[in-house]
Structures are given as C-alpha cells and as structure tokens.
Amino acid sequence: MEETDIKKTSPKKYLDFISILIGLVGIGLGIYFYSQSKETRNLTYSISPSKALVVDSKRASKLQVLYDSAIISSDIIAIQLAIWNRGKQSIKKSNILRSIEVKNNSKVKILETSIRKVSREVTNFSVVQNNYNNGNILLNWDILENNDGAVLQILYAGNLNAKFFLNGIIEGQENIRCIDINNEENSTVYFISIILGIFVFLMGYFQYRSEKKYGFSYFRLRQKVDTHDGTPSKIKLRYVLYNIFFSPMIGIIGGIVLILFVIYNMVMSSHTVPFGF
C-alpha cells in the first residue's frame, strides 16, 4: 500500500520545480527579447588588442624620425580603433550634443589618423585632421544606422601603454560603451559565476530532495522549537535564519537567476566589430 502511494505521489515532487524553472526561463527570455527589440542609440567603440610598435626608441639609436620638422625621440605606435552604432535607432549629426572625440590618458602626440574601413560611404564618416595638438581626435559623420561605423588607425608618439577612449554625448544615450573583444578577465569572471550558480542550484535541489525524503520542513522545525520546554529565543532565531537562507527553493531560484544573469551579460557583451578590424 505504501509503495503504491509513493509511486502515485512521486511525480508531484517535481511539479513545483519545473514550474519555477519554466517561469524563470520565460522571464529571462522576455527581458532579453525586449532589450533586443528596443530602439535606442548605442554608440560603441572597441580597440584592437594588437598594437604595432613602429619605431622602438631604445633600439633605433641611429635612426632619426622627423615629424613636421621636429625630431621624434619617443616610441611610435600604431593602434586600430573601431566605432559603430550598436543600437537600432540611427545617430545623426543633429543627435551629437557634445563633439565625439578620441582621447587618451597620457596626452601622447598624435602623428596621423587614417580611416581604414567604413561600413557605408553614405555615412560620410570623417576625421578632423587639424585637432591633434591637444592629443584629441575629432570625429564627424552624417548618419550612423545600425552597425554603421568605421575603423581608424592612429599613429602616435609616446607611451606604448597609453589608453585611448571615446568621449562625447549622444542624445538619448547615457554613456559611450567600450567593448573589449579580448578580455580574458571577463571570461574568468563569467566562468566562476556560472560554476557558483550551478553549485547554488544543486545545493537547493539536493536540499529539496532531502526534505521530500526525510519530511524535514520549516513548519515542523518551528513547531518543535516552540513546544520545546525552556527553548530560548536565540535558538528560535537561529532555526528561522537557517531555514530562510538554506531554503531549497531559494537555492534553486537563486542558482537559476545567477546563471541566466551571467548568460545574458555574456550574450550582450560578446558582440564583435560588425565590419572587422
């Protein structure tokens, strides 16, 4: 008789779990598709991880480099920077509230900037060549639609480790985002976070199975503590906190939410330059 009861009720064990799982996956997919369909301006840039040391000042002792009749005694480096619109709403010249400039943190001397690639000629993407004295590069265009942009090659004299970034204000965009296409640190964080999410999920799941098997629950524990003679309130609080933080449903839900959150961030940050370096 007992065997029959167990067999009849056993499928019910997983009903709540499956419902929660489907619900969370549905919420995650809903958020993802909503963010993908939302029309926004999203000016983005990325810097190629490959830097070319054109002139090494430490080794080229007998070589003199002249630029505009002045001798360049420091290293000369070439980098490539891509800029494009990841958003579905176009960025027109009238949407630029503050000039878009390529800046750097070392105030290096810009020698030359050339446009290596343009997604479409209709964008009229251009570089203002007479704005190099302060180490900034002013950019212009008529319109950037989805995935429209350009790849710049910047030749500069100075520190090999100089950091370049994009500065300016676009109407309707909070900040200009940089995508690191070769960020090993982010990959490590994502990997650890997924492992942690799986661990939390499994802890909650096995706790759930344990409760079903041994009949352990918060309500029974509370009843036992309340009716126990001379039980101080601190012990009650300990049991309450234990059951809140080690609740199987919290573990299962927390694990799934963490995994979905990491996957969402991986998808959103995994975009490469649409027209390549």
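Predicted model, so just to flag it, every value in this text is computed and none were measured.

Rules of the game
Residues numbered from 1 in each chain as written. Predicted model: local features only at pLDDT ≥ 70, side-chain atom pairs only at ≥ 80, totals over all residues. Heavy atoms only, no water. Helix = DSSP H or I, 4+ residues; strand = E, 2+ residues; numbered from the N terminus. Buried < 20%, exposed > 50% of the residue type's maximum accessible area, 1.4 Å probe, protein only. Contact = heavy atoms within 4.5 Å. Areas by Shrake-Rupley, 256 points an atom, 1.4 Å probe, with all protein chains shown as cover. Salt bridge = Lys/Arg side-chain N within 4 Å of Asp/Glu carboxyl O. Pairing = 2+ DSSP bridges. Axes fitted to C-alpha atoms, helices over the stretch in contact; angles between N-to-C directions. pLDDT = per-residue confidence, 0-100. Core = buried A, V, L, I, M, F, W, Y, C linked by side-chain atoms within 4.5 Å. Phe/Tyr/Trp six-rings, centres within 6.5 Å; stacked < 30°, edge-to-face > 60°. Polar contact = N/O pair within 3.5 Å; in protein donor to acceptor, adjacent residues only side chain to side chain.

Peer 1: Would you explain the overall build of the protein in this entry?
Peer 2: Across its full length, the protein holds six helices and 14 strands. The burial tally for the protein puts 32% of its 277 residues in the buried class. Sequence separation of at least 24 residues holds for 84% of the intrachain contacts in the protein that already meet a minimum separation of 6. In the form shown here, the protein has an accessible surface area of approximately 17,700 Å², with 56% of it arising from carbon and sulfur atoms.

Peer 1: Help me understand the pattern of salt bridges in this model?
Peer 2: Opposite charge on two side chains allows them to pair when their charged atoms are near. Summed over the entire model, instances satisfying the criterion amount to four salt bridges. Asp 142 serves as the salt-bridge partner of Lys 93, at 3.5 Å between the closest nitrogen and oxygen. With a gap of 49 residues between them, Lys 93 in the loop between strand E6 (91-92) and strand E7 (96-104) and Asp 142 in the loop between strand E10 (137-140) and strand E11 (143-144) connect regions that are remote in the sequence. By relative accessible area, which is 47% here, Lys 93 ends up partly exposed.

Peer 1: Just to check I follow, could you spell out the sheet that holds E7 for this structure?
Peer 2: By definition, the strands of a sheet pair up through backbone hydrogen bonds, in either a parallel or an antiparallel sense. Spatially, four strands are ordered E9-E10-E7-E13 in an open sheet, and the strand pairing comes out antiparallel. Of all the strands in the sheet, the pair left with one neighbour each is strand E9 (126-128) and strand E13 (164-170). Between one strand axis and the next, the sheet turns through 30 degrees on average, direction left out of account. Across two bridges, the pairing between E7 and E10 is antiparallel. Following the sheet pairing, Val 102 is matched in E10 by Ile 137.

Peer 1: Explain the confidence of the model for the protein here, please?
Peer 2: Regions with low pLDDT carry predicted coordinates that are not meant to be interpreted in detail. Averaged over all residues, the pLDDT of the protein equals 76, while 62% of them reach at least 70. Contacts for the low-pLDDT stretch residues 1-10, under 50 throughout, to residues beyond four places or in other chains number zero contacts.

Peer 1: Would you mind showing me how to read the nonpolar core here?
Peer 2: Formed by 27 residues in total, the largest nonpolar core has its most connected members in Leu 43, Ile 100, Leu 139 and Trp 141. Those elements that place two or more of their residues in this core are strand E1 (43-47), strand E5 (76-85), E7, E10, strand E12 (149-157) and E13. Ignoring anything within four residues of it in the chain, the contact list for Leu 139 reads Ile 83, Ile 100, Val 102, Phe 125, Ser 126, Val 127, Leu 152 and Leu 166.

Peer 1: Where do I start with unusual backbone geometry in this structure?
Peer 2: Glycine aside, the phi torsion of most residues is negative, and most peptide linkages are trans. Notably, Asn 124 is not glycine yet its phi reads approximately 55 degrees, a positive angle. With a relative accessible area of 45%, Asn 124 lands in the partly exposed category. For Asn 147, which is not a glycine, the phi torsion comes out positive at approximately 65 degrees. Its location among the elements puts Asn 147 in the loop between E11 and E12. The exposure class of Asn 147 is partly exposed, given its relative accessible area of 34%.

Peer 1: Would you explain the pairing of E13 in this entry?
Peer 2: Every regular strand shows the same layout, with side chains that alternate between the two sheet faces. Burial along E13 is one-sided: Phe 164, Leu 166, Gly 168 and Ile 170 are buried, while Phe 165, Asn 167 and Ile 169, pointing the other way, are not. The pairing of E7 with E13 spans six bridges and is antiparallel. Directly across from Glu 101, in E13, lies its bridge partner Asn 167.

Peer 1: I would appreciate a short explanation of the packing of aromatic side chains in the present structure.
Peer 2: Between two aromatic rings, the relevant description is the distance of the centres plus the angle of the planes. Considering all chains together, one arrives at two aromatic pairs under this definition. Measuring from centroid to centroid gives 5.8 Å for Phe 125 and Trp 141, while their planes differ by 15 degrees, and the two rings are stacked. You can see Phe 125 sitting in the loop between strand E8 (109-118) and E9 and its partner Trp 141 sitting in the loop between E10 and E11, a full 16 residues away along the chain. Classification of Phe 125 as buried rests on a relative accessible area of 8%. The buried category is assigned to Trp 141, whose relative accessible area is 1%. When the centroid spacing of 5.1 Å and the interplanar angle of 55 degrees are considered together, the rings of Tyr 156 and Phe 164 count as tilted. Comparing Tyr 156 with Phe 164 shows no difference in burial state: the two are buried.

Peer 1: Is there a simple way to think about the side chain of Ser 46 in this case?
Peer 2: Structurally, the position occupied by Ser 46 is in strand E1. Look at Ser 46 and you get buried, because its relative accessible area is 0%. Side-chain polar atoms of Ser 46 contact the backbone oxygen of Ile 179, separated by 2.7 Å.

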